Amino acid sequence: MDRFKKIQWGPGALALLICVFLVVFLIVPVAKVVFVAFQDPNTGALTLVNFVDFFNTSLFQESFFNSLYVAGASVLLASIIAIPLAYFTTRFNFGGAVLIQTLGIVPLIMPPFVGAVAMLLLFGENGSVNLLLSDWFGFTIPFMQGLNGVILVESIHYFPFILINLSAALLNIDRAMEESAQNLGASGARLFRRIVFPLAMPGYVAGASLVFLKVFDDLGTPLLLNINNMLAPQAYLRISSIGISDPMGYVISVILVAFSLFSLWVSFLALKGKDYATAQKGGGGLMKRDLRTWEKVGCYAVVILILLMVLSPHVGLALLSFGTVWSYSVLPDGYTWAHYANMLRTADTYIYNTLLYAGLAALIDVVLGTAIAYIVWRTKLVGRKWLDFMAMGAVAIPGVVLGIGYLRTFVEFNVPIVDKPLASWWVIIVVALAIRRLPYALRACTAGLQQVSVMLEEAAENLGATKSRTVRRIVVPLMTGAMLAGFVTSFATAAVELSATIMLVSAQSDAPLAYGIWEFMQSAAGRGPGAALGITAVLIVGIATYISHRVIQRGEKQRSAGAMVAETI
Amino acid sequence: MTESTTEASTEAGELHRVNHGHRAAGVSIRGVSLSFGTTEVLRDINLEIEPGEFFTFLGPSGSGKSTLLRAIAGFGPTPTGAIFIGDDEVTGVPPWRRDVGMVFQSYALWPHMTVRKNVAFGLEERKLPAREIDRRVDAVLDLVGLRELADRRPTQLSGGQQQRVALARTVVIEPRVLLLDEPLSNLDANLRVQMRRDILELQRKLRLTTIFVTHDQEEANTTSDRIAVLNDGIIQQVGSPMNLYDRPANRFVANFLGTANLIDGRVENEAGQFVFRTEDGTRIPLSGANLEIGAGAAMFRPQDLQVAAGDGGALAGKVEHREFLGNVIRYSVTVGSHNILVDDSHHAGGRIFSAGDHVVMDLDAGRIQVLPD
């Protein structure tokens, strides 16, 4: 019994510490938001009156349905983009597979709001494409008009979620699944409908519900496109213009959280008990066939068209950052470095802040992620699953909601030495970023830990190493790759986070890059430097993504060596 | 399954009645060759498989046995030559119109369907009336003893149960030919023995022409009416299991089926008496009258020899090492430059030789076969 206590004491204390952190910075703020939503603003009594008010106000009704419509339509458009791409790569011997893989990564290295303004200049009413269309054919297409713009920008950005999940599902279908159906008499459309489609469905639904969640919660894109009649912008505007006591922001937050949970639940249901990875060693994937020449031309045409669409925010942003004046013309009038010079002069604080905040947040995430992974998978602590559950729960909390929660919860908590409310101290931004990105880092660390065979640890213990020495000498070194990957993922996504940050930045000098881009983009004159700052963000995220990709690849090699050890035993 | 299959023999009859008698067809493979790029995987295969026969393709991995089976089912590139099922040529016919049932090595059960839906699939594709489908599915599930598990998903079943579902799903359509692609390789040893008996029983009951692919000689020997031994895409020999073991056509077959002693040398005629002479001068008398003179290999099995203590004689040597195999002790004896394996049957208190002991071996000339080079 004594021994048992000795072994469990360290992890127990650690778990308690993490638990306190998560409760204070995740559970309490969110609970506060929910509580306020159900509280009468005057008397403080519990009531549904705020929700009644919400649904009786036409602006909120409109916002609610707009958000639903935009999220639904984005899922549809993203599916139209992703499904052919996934099908081409898995069904045909198609040389464009590399192109398609690139397509899957490129959008993710830039947050959607950064490219939104550039998209206006390319696809807007007087944008390049419509100017050409009206010159040549005498008509224009309202790509970016009103909600269309949000839908276009969001689906171009988020379709990779569907592409990646659906491709994985299709790749996991064993050829024998199709062959056995053919053997029993099925072919063509029936074979697809009865076997391929149902087997790929869970992957598709998982991807689609993720797209729905992301679009439904997104704040930056509608704000940048000046679309205010949606839920997330309304929540932000109510809090920032009317004030922290206005209940509508809280009601909207509750609705956002409810829909997030709903999407996650759908995705969970889709994947639950359906580990359809049927592929056997060596024989994986659907039957592939060669393309006829005209089919190949068609495939390439589709892929290149989609590639152009996907790259357009980046291209537009680059043009904007180098262009002198770009208005009512297909391309900018001239090119200059002035915006970059301007940016370096005025925006160096943004860049510095971003590197500091994202770096600190990623560090916290990796430390927490490793600790939680170890506690959950290697100890027998009571309630350890709840720790994991709590940390992963951050996925369901939109940035706006976390931001509002922090404002409300920590506004009265004065930090002693700096003598400021915690809600307006820069450290709170770091904490918000860390909480929001913790699930990504935790997932990476968990995957890393699961690759380390318990037997490797047992061998160390057998040779006299204590638990903590084993962790330090065996587990952590073997997990380095995964931890680094987790760090970079957290860093890259935190560097361009806007929705929580925008609520928490209290002084210009504390603002990070994403906030800076948003600020610049507010005025026509700021667009050039804003775009230059956007390109800088893309570079930071792009380099970080590349590094993490390399690290993961190297890690896989290492891990497969580790797995081999486990297998031979 | 043995218990349930004995009980279920009436269901087998039932399955037959609803299928209007059996439709077992023979398979005829004529001059079939196939290449993947420049690699020839099948070379001029000719085989006649009789209706109702349990026929096995036996060979090491890469021998082309699975490719040949898949070609019969219509999977993979179309080979040259012709394949007939019954009287119909099926070369180039897509898999879904061939009416041959295949059980996949991985079982390939669809995880999104229950056992019942999996088994009903082929009948649904054949557009049978729902009541007929229900009846036949129930009958076949009784036959394999899985009626109670009909509403489970494949992932909720054990390996052996999955195997039986795969088998039921295939035989329920009463295929003209049943193809089994290493169906036992994913089962553990005990279950494997049980399942092969069950498969054989089912095959006899339904009188299905069955082609079985395996690399395991014991599996092939215990189930098959006839075996075709394949190596490098070429059929080495076709025959009954005993025939292949007793009269192998070449070194490959001799080695692949059981353990063989193979000694290089020449058949010579010494004054009307045929002898086999090796390079180091060992001389082994042969029986038989019409042996061909020339180079070859003398083949005999370890149990064809008698071993005794002693020195001198045609087959005298020194024990190199011994292996205790339970029923026999296998000695490796050095004779000249050859190593000869000899099995001595073992019983408690029996005599045992040790490494270094000098022994003489007695070999009945009638047991020796000379294989051509």
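Residues numbered from 1 in each chain as written. Chains lettered and ligands numbered in written order. Predicted model: local features only at pLDDT ≥ 70, side-chain atom pairs only at ≥ 80, totals over all residues. Heavy atoms only, no water.

Turning next to the packing of helix α14 (residues 338-378) of chain A against helix α21 (residues 513-521) of chain A. The interhelical angle for the contact between α14 of chain A and α21 of chain A, taken along N-to-C directions, is 145 degrees, at an axis separation of 8 Å. Mapping the contact onto sequence places T346, A347, Y350, I351 and T354 of chain A in α14 of chain A and L513, G516, E519 and F520 of chain A in α21 of chain A. (Axes fitted to C-alpha atoms, helices over the stretch in contact; angles between N-to-C directions. Helix = DSSP H or I, 4+ residues; strand = E, 2+ residues; numbered from the N terminus. Contact = heavy atoms within 4.5 Å.)

On to the sheet that holds strand β19 (residues 358-363) of chain B. Residues and elements named next belong to chain B. Taken in spatial order, the five strands of this open sheet run β15-β19-β16-β17-β18, and their pairing is antiparallel. Bordering the open sheet on either side are β15 (305-309) and β18 (338-345), each of which pairs with just one other strand. The sheet shows a mean angle of 45 degrees between the axes of neighbouring strands, taken without regard to direction. With three bridges joining them, strand β16 (residues 316-324) and β19 adopt antiparallel strand pairing. Bridging from a neighbouring strand, G317 pairs with V359 of β19. (Pairing = 2+ DSSP bridges.)

Moving on: the packing of aromatic side chains. All names here are of chain A. Going through the model one piece at a time under the given rule, you end up with 36 aromatic pairs over all chains. The interplanar angle of 85 degrees and the centroid separation of 6.2 Å between the aromatic rings of Y87 and F192 together place this pair among those described as edge-to-face. Of this pair, Y87 sits in helix α3 (residues 58-91) while F192 sits in helix α9 (residues 188-217), placing them 105 residues apart in sequence. F192 sits in the partly exposed class, given a relative accessible area of 35%. Through successive ring pairs, a cluster of aromatic residues spans F54, F55, F60, F64, F65, F212, F216 and F259. (Phe/Tyr/Trp six-rings, centres within 6.5 Å; stacked < 30°, edge-to-face > 60°. Buried < 20%, exposed > 50% of the residue type's maximum accessible area, 1.4 Å probe, protein only.)

Another aspect to go through is empty space enclosed by the protein. Residues and elements named next belong to chain A. Per the counting criterion, the structure on display carries three cavities of 30 Å³ or more. Roughly 90 Å³ of internal volume is contained in the largest cavity. Looking at the largest cavity, the residues that line it are P107, M110, P111, P112, G115, M119, V153, I156, H157, V310, P313 and H314. Sorting the residues of the lining of the largest cavity by element identifies α5 (112-123), α7 (147-171) and α13 (293-322) as the ones contributing at least two each. A per-class count over the lining of the largest cavity returns nine nonpolar, three polar and no charged. (1 Å grid on protein atoms, 1.4 Å probe; cavity = no way out; pocket = protein on both sides within 12 Å on 5 of 7 lines; lining within 4 Å. Points joined across faces, edges and corners; volume = space filled by probe spheres on them. Nonpolar A, V, L, I, M, F, W, Y, C, P; charged D, E, K, R; others polar.)

Let us now look at the pattern of salt bridges. Tallied over the full model, the rule gives 28 salt bridges over all chains. Here E182 of chain B ties to K65 of chain B by a salt bridge, and the two come within 3.6 Å at their closest N and O atoms. Of this pair, E182 of chain B sits in the loop between β7 (177-181) and α7 (189-206) while K65 of chain B sits in helix α3 (residues 65-73), and the two are 117 residues apart along the sequence. For E182 of chain B, a relative accessible area of 10% gives the class buried. Overall, the relative accessible area of 5% leaves K65 of chain B in the buried class. Via salt bridges that share partners, R190 and R194 of chain A together with K117, E124 and E125 of chain B belong to a single interconnected network. (Salt bridge = Lys/Arg side-chain N within 4 Å of Asp/Glu carboxyl O.)

What follows covers helix α11 (residues 231-242) of chain A. Residue and element names in this part refer to chain A. For α11, which comprises twelve residues, the first-to-last C-alpha distance of 16 Å matches the rise-based estimate of 16 Å (1.5 Å per residue) to within 8%. Taken together, the buried positions of α11 are occupied by L231, A232, P233, Q234, A235, Y236 and I239. Downstream of α11 by a residue or two, G243 has a phi angle that is positive, lying close to 130 degrees. (Expected span 1.5 Å × (residues − 1).)

Here we come to the packing of α3 of chain A against α11 of chain A. All names here are of chain A. Where α3 meets α11, the closest approach of the two axes is 8 Å, and the angle between their N-to-C directions is 140 degrees. Compared by their axis directions, α3 and α11 come out oblique. Here α3 contributes L59, F60, S63, F64 and S67 to the contact with α11, which in turn contributes L231, Q234 and R238. (Parallel < 35°, antiparallel > 145°, perpendicular 65-115°, else oblique.)

Residues and elements named next belong to chain B. Summarising the element assignment, S28 is placed in strand β1 (residues 27-36). Taking the relative accessible area as the measure of exposure, S28 reaches 5% and is therefore buried. At a separation of 2.8 Å, a polar atom in the side chain of S28 contacts the side chain of E48. (Polar contact = N/O pair within 3.5 Å; in protein donor to acceptor, adjacent residues only side chain to side chain.)

Residue and element names in this part refer to chain B. Ordered by their spatial adjacency, five strands build an open sheet running β13-β12-β11-β14-β20, and the pairing between neighbours is antiparallel. Only two strands of the sheet have a single partner each, and these edge strands are β13 (283-285) and β20 (369-372). The sheet shows a mean angle of 45 degrees between the axes of neighbouring strands, taken without regard to direction. Direction of pairing for strand β11 (residues 261-270) relative to strand β14 (residues 294-300): antiparallel, over a ladder of seven bridges. Bridge pairing in β14 places V267 opposite G294.

Next up on the list: the interface of chain A and chain B. Counting from both sides, the interface comprises 19 residues of chain A and, opposite them, 26 residues of chain B. Contact with chain B buries surface across chain A, with N183, L184 and R194 of chain A losing the most and accounting together for 35% of the total. On the surface where chain A and chain B come into contact, there are 13 residue pairs in polar contact (both at pLDDT 80 or more). Those elements that provide at least two residues to the side of chain A that touches chain B are α8 (175-183) and α9 of chain A. Here the side of chain A that touches chain B is built from residues that sort into nine nonpolar, seven polar and three charged. (Buried area = accessible area lost by both parts, 1.4 Å probe.)

Further remarks concern the confidence of the model for chain B. Residues and elements named next belong to chain B. Per-residue pLDDT for chain B has a mean of 87; in total, 94% of the residues score no lower than 70. Low pLDDT (under 50) marks residues 1-9, which in the prediction has 18 contacts with non-local residues, meaning those over four places away or in another chain. This stretch, residues 16-21, has a pLDDT under 50; its non-local contacts, to residues over four places away or in other chains, come to twelve contacts. Reported for the predicted complex are a pTM of 0.76 and an ipTM of 0.71. (pLDDT = per-residue confidence, 0-100.)

Now for the nonpolar core. With 250 residues, the main nonpolar core has Y406 of chain A together with F57 of chain B as its most contacted residues. The element contributing the most residues to this core is α14 of chain A, with 17 residues. Counting 23 residues, the second-largest nonpolar core is a separate cluster that includes F276, A298, L305 and V307 of chain B. (Core = buried A, V, L, I, M, F, W, Y, C linked by side-chain atoms within 4.5 Å.)

Our next topic: the environment of R153 of chain B. Residues and elements named next belong to chain B. Here R153 lies in the loop between α5 (130-143) and α6 (159-171). Taking relative accessible area as the criterion, R153 reaches 34% and is therefore assigned partly exposed. Sequence spacing of R153 and L109 is 44 residues, and the spatial spacing of their C-alpha atoms is 9.3 Å.

The next subject is the environment of Y406 of chain A. All names here are of chain A. Looking at the element boundaries, Y406 is found in helix α16 (residues 399-410). Every residue in contact with Y406, bar those within four places of it in the chain, is listed here: F25, P29, V411, A423, I428, V431, A432, I435 and L504. Looking at Y406, its side chain comes within polar contact range of the main-chain oxygen of F25, at 2.6 Å.

Quick look at the confidence of the model for chain A now. Residue and element names in this part refer to chain A. In this model, chain A carries a mean pLDDT of 82, and residues with pLDDT of at least 70 account for 92%. Here helix α22 (residues 527-568) stands out as the least confident element of chain A, with mean pLDDT 68; α3 is the most confident, with 90. Scored below 50 in pLDDT, residues 1-6 shows zero contacts in the model against residues more than four places distant or in partner chains. Low pLDDT (under 50) marks residues 559-569, which in the prediction has eight contacts with non-local residues, meaning those over four places away or in another chain.

A few words now on helix α17 (residues 427-451) of chain A. All names here are of chain A. The end-to-end C-alpha distance of α17 is 34 Å, a good match for the 36 Å that 25 residues give at a rise of 1.5 Å each. Along α17, the sharpest change in direction is near 50 degrees and occurs at R437; proline P439 comes one to four residues later. The buried fraction of α17 is high, at 19 of 25 residues. (Bend = angle between axes of the 7 residues up to and from the residue.)

Of all five residues that make up strand β3 (residues 54-58) of chain B, five are buried, and the element is covered over most of its length. Of the two faces of β3 of chain B, the one holding F54, T56 and L58 of chain B and the one holding F55 and F57 of chain B are both buried throughout.

Summed over the entire model, instances satisfying the criterion amount to zero disulfides over all chains. In this structure C19 of chain A is not part of a disulfide, and its nearest cysteine sulfur, from C445 of chain A, lies 18 Å away. (Disulfide = S-S within 2.5 Å.)

On to the environment of T446 of chain A. Residue and element names in this part refer to chain A. Looking at the element boundaries, T446 is found in helix α17. By relative accessible area, T446 is classed as buried at 12%. A sequence separation of 40 residues divides T446 from G486, and the C-alpha atoms of the two residues are 9.9 Å apart. Discounting residues that sit within four places of it in the chain, T446 has contacts with A373 and W377.

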